[in-house]
Amino acid sequence: MDSFLIKGGVPLHGEVTISGSKNAALPIMAATLLTDEPCVIRRVPDLSDTRFMVKILESLGATARFADGTLTIRAKKIRGYADYELVRKMRGSICIAGPLLARLKQARVSLPGGCIIGARPINLHLKGFAALGAKIEIAGGYVEASAKRLIGASVFLGGRAGPTVLGTANVMMAATLGEGVTIIESAACEPEVVDLANFLNAMGARITGAGSPTITITGVAKLHGAEHEVIADRIEAATFLIAAGATNGEVTLKGARPEHLRAVIDKLNEAGVAVERRGANLVGRRKGKLKSADITTLPYAGFPTDVQAQMMSLLTLAPGISIITERIFEARFMHVSELARLGADIEIEGPSAIVKGGRPLSGAPVMASDLRASAALVIAGLAAKGATQVNRIYHLDRGYERMDLKLQKLGARIERIEEK
Ligand code: EPU
């Protein structure tokens, strides 16, 4: 298992190009199952998760070519069941269910288990499929959805933690080839849902309202091939802005979309990190001393749960008390004990982490537990004095494209230690 060795204390300076969004790319890749014609998707980040999705699509019968960020894929003839182990390994792969159900009227996928950040049920996805007329059966670790016809319906997809991103994607995709009009209420408003809707519309779907809580899908008989460029990864952009603030540096982001980062930029400003537009670029830099800030994660356009861990690393450096409340995933504080190894003072009280910030961090060996926790540990390591070894970096490779190389270009002393 590879690890990163970071020698901290170097302010980051320079330019970094933001990759395509992982969480937009995964459902868009799944959407190519909706047509037997070829699709071309550009700016697909080269990550273990996207490569894994290619494997899943190939296992269903698609032929794919993935090179230089462009995925050319054709799902000419496909089958409706996915390999148990493949789907189980990556939770994001649940979004193949909607397209399979739409195109074949049958989908059988393994039930995604819980994961380190929380329970992660799919009851809302299934509620949506059932509303369209699918019969749902759960047996032997699989969920099977089947229907003679999918018929448009009105479905409320709000859950205990608000809307569901992949649930909205799944039901939206299932409804594209249904008969009549489907209305999703309490739909997720994330930019990744909008990007998917744009791709589906380019394929001939009739979707309006994506980006708002009410999405209307008018079913069509057939979808065709399309070309699309995936939006910039707002979580990667946020991670680099935070790293600039944490190391007292100045980083210019190329290709980021500031309009997708409003909540993050607002909190960074409050915490003493200035973020400003310079032409088409976005620049993040420390503005005086860091300050404590309170954060609550919320569905879009609120502060994203996927940036909570990285922001916690920054706030450990800010004098005073910051309260970080996690409202989306109940167990997403695995990074707290690892940050403590670097000297951070953080206590967990129910859904909140109380950060007593301002103590300098010092390097130590730490263990990455999930994707965003890994990014938080890298940021903390970059800001800490001395050497930090972040183990189990495969979590980070799932969602950040060549992060070590991008950081090296910004002057960070970081190297990948490959375990043979
Ligand atoms: N939920 C339910 N029932 C469902 C589905 C979700 O109760 O049927 C709950 C979840 O347990 C959670 C909340 O609803 O409490 C929100 O979960 P959501 O369904 O929105 O999460 P997701 O779609 O499975 C995507 C991203 C996550 C990101 C979340 C929230 C992908 C591949 N994953 O997951 O990304 O944290 O939305 O924004 O798009 C990451 O990239 O590190 C990551 C975990």
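In what follows, the structure referred to is the one given above.
None of these values were measured; they are calculated from a predicted model.

Some points on the packing of aromatic side chains
Turning to step 1, where the next piece is worked out: Applying the stated criterion to the full structure yields one aromatic pair.
Turning to step 2, where the next piece is worked out: Between Tyr 84 and Tyr 142, the aromatic rings sit 5.0 Å apart at their centres with planes inclined by 70°, giving edge-to-face as the arrangement. Placement of the pair is Tyr 84 in helix α3 (residues 84-89) and Tyr 142 in strand β8 (residues 142-146), with a sequence separation of 58 residues.

Considering the sheet that holds strand β13 (residues 227-229)
Turning to step 1, where the next piece is worked out: The strand order across the open sheet built from four strands is β4-β5-β3-β13, with neighbouring strands paired in mixed fashion. Single-partner strands in this sheet number two, and they are β4 (63-67) and β13. Mean inter-strand twist for the sheet, computed between neighbouring axes without regard to direction, equals 10°.
Turning to step 2, where the next piece is worked out: Both strand β3 (residues 38-42) and strand β5 (residues 70-74) contribute to a ladder of four bridges, which runs antiparallel. Paired with Pro 38 across the strands is Arg 74, a residue of β5.
Turning to step 3, where the next piece is worked out: The strands that helix α2 (residues 48-59) touches are β4 and β5; relative to β4, the one it contacts most, it runs at about 160°.

Here's the deal with the pairing of β4
Turning to step 1, where the next piece is worked out: One ladder, built from five bridges, connects β4 with β5; its direction is antiparallel. Residue Phe 66 lies in a different strand from β5, and its bridge partner there is Leu 71.
Turning to step 2, where the next piece is worked out: The loop that links β4 with its antiparallel partner β5 comprises two residues; one of these, Asp 68, has a positive phi angle of about 50°.

Some thoughts on the site of the ligand
Turning to step 1, where the next piece is worked out: Contacts to the ligand come from 23 residues, most closely from Asn 123, Leu 124, Thr 164, Asp 306 and Ile 328.
Turning to step 2, where the next piece is worked out: A distance of 3.2 Å separates an oxygen atom of the ligand from a polar atom in the side chain of Arg 120.
Turning to step 3, where the next piece is worked out: In this structure, an oxygen atom belonging to the ligand sits 2.6 Å away from a side-chain N or O atom of Asp 306.
Turning to step 4, where the next piece is worked out: Secondary-structure elements contributing two or more residues to the shell around the ligand are α1 (22-31), α5 (123-131), α6 (165-176) and α12 (371-383).
Turning to step 5, where the next piece is worked out: Element by element, the count of residues in the shell around the ligand is highest for α5, at three residues.
Turning to step 6, where the next piece is worked out: Split by residue class, the shell around the ligand holds 11 nonpolar, five polar and seven charged.

Topic: the packing of helix α10 (residues 308-315) against α12
Turning to step 1, where the next piece is worked out: With their axes 7 Å apart at the nearest point, α10 and α12 run at an angle of 20° to one another. Looking at the two axes, α10 sits roughly parallel to α12. The hand of the α10/α12 crossing is right-handed. In this structure, α10 contributes Ala 309, Gln 310 and Ser 313 to the contact, and α12 contributes Arg 372, Ala 373, Ala 375, Ala 376, Leu 377, Ile 379 and Ala 380.
Turning to step 2, where the next piece is worked out: Looking at the contact of α10 with α12 residue by residue, the classes come out as seven nonpolar, two polar and one charged.

Looking at the sheet that holds strand β16 (residues 281-286)
Turning to step 1, where the next piece is worked out: Read from one edge of the open sheet, four strands run β2-β14-β16-β15, paired in mixed fashion. With partners counted over all chains shown, the strands left at the sheet margins are β2 (13-17) and β15 (273-278), one partner each. For this sheet the average axis-to-axis angle between neighbouring strands, irrespective of direction, equals 20°.
Turning to step 2, where the next piece is worked out: Here β2 runs beside strand β14 (residues 250-254); their pairing, made up of five bridges, is parallel. Bridging across to β14, Glu 15 finds its partner in Thr 252.
Turning to step 3, where the next piece is worked out: Along the sheet face, helix α8 (residues 234-246) touches β2, β14, β15 and β16 and points at about 30° away from the line of β16.

Here is what the cut-offs are and how they apply
Residues numbered from 1 in each chain as written. Predicted model: local features only at pLDDT ≥ 70, side-chain atom pairs only at ≥ 80, totals over all residues. Heavy atoms only, no water. Phe/Tyr/Trp six-rings, centres within 6.5 Å; stacked < 30°, edge-to-face > 60°. Helix = DSSP H or I, 4+ residues; strand = E, 2+ residues; numbered from the N terminus. Pairing = 2+ DSSP bridges. Axes fitted to C-alpha atoms, helices over the stretch in contact; angles between N-to-C directions. Contact = heavy atoms within 4.5 Å. Near = heavy atom within 4 Å. Polar contact = N/O pair within 3.5 Å; in protein donor to acceptor, adjacent residues only side chain to side chain. Nonpolar A, V, L, I, M, F, W, Y, C, P; charged D, E, K, R; others polar. Parallel < 35°, antiparallel > 145°, perpendicular 65-115°, else oblique. Left-handed = near helix turned anticlockwise from the far one by under 90°.

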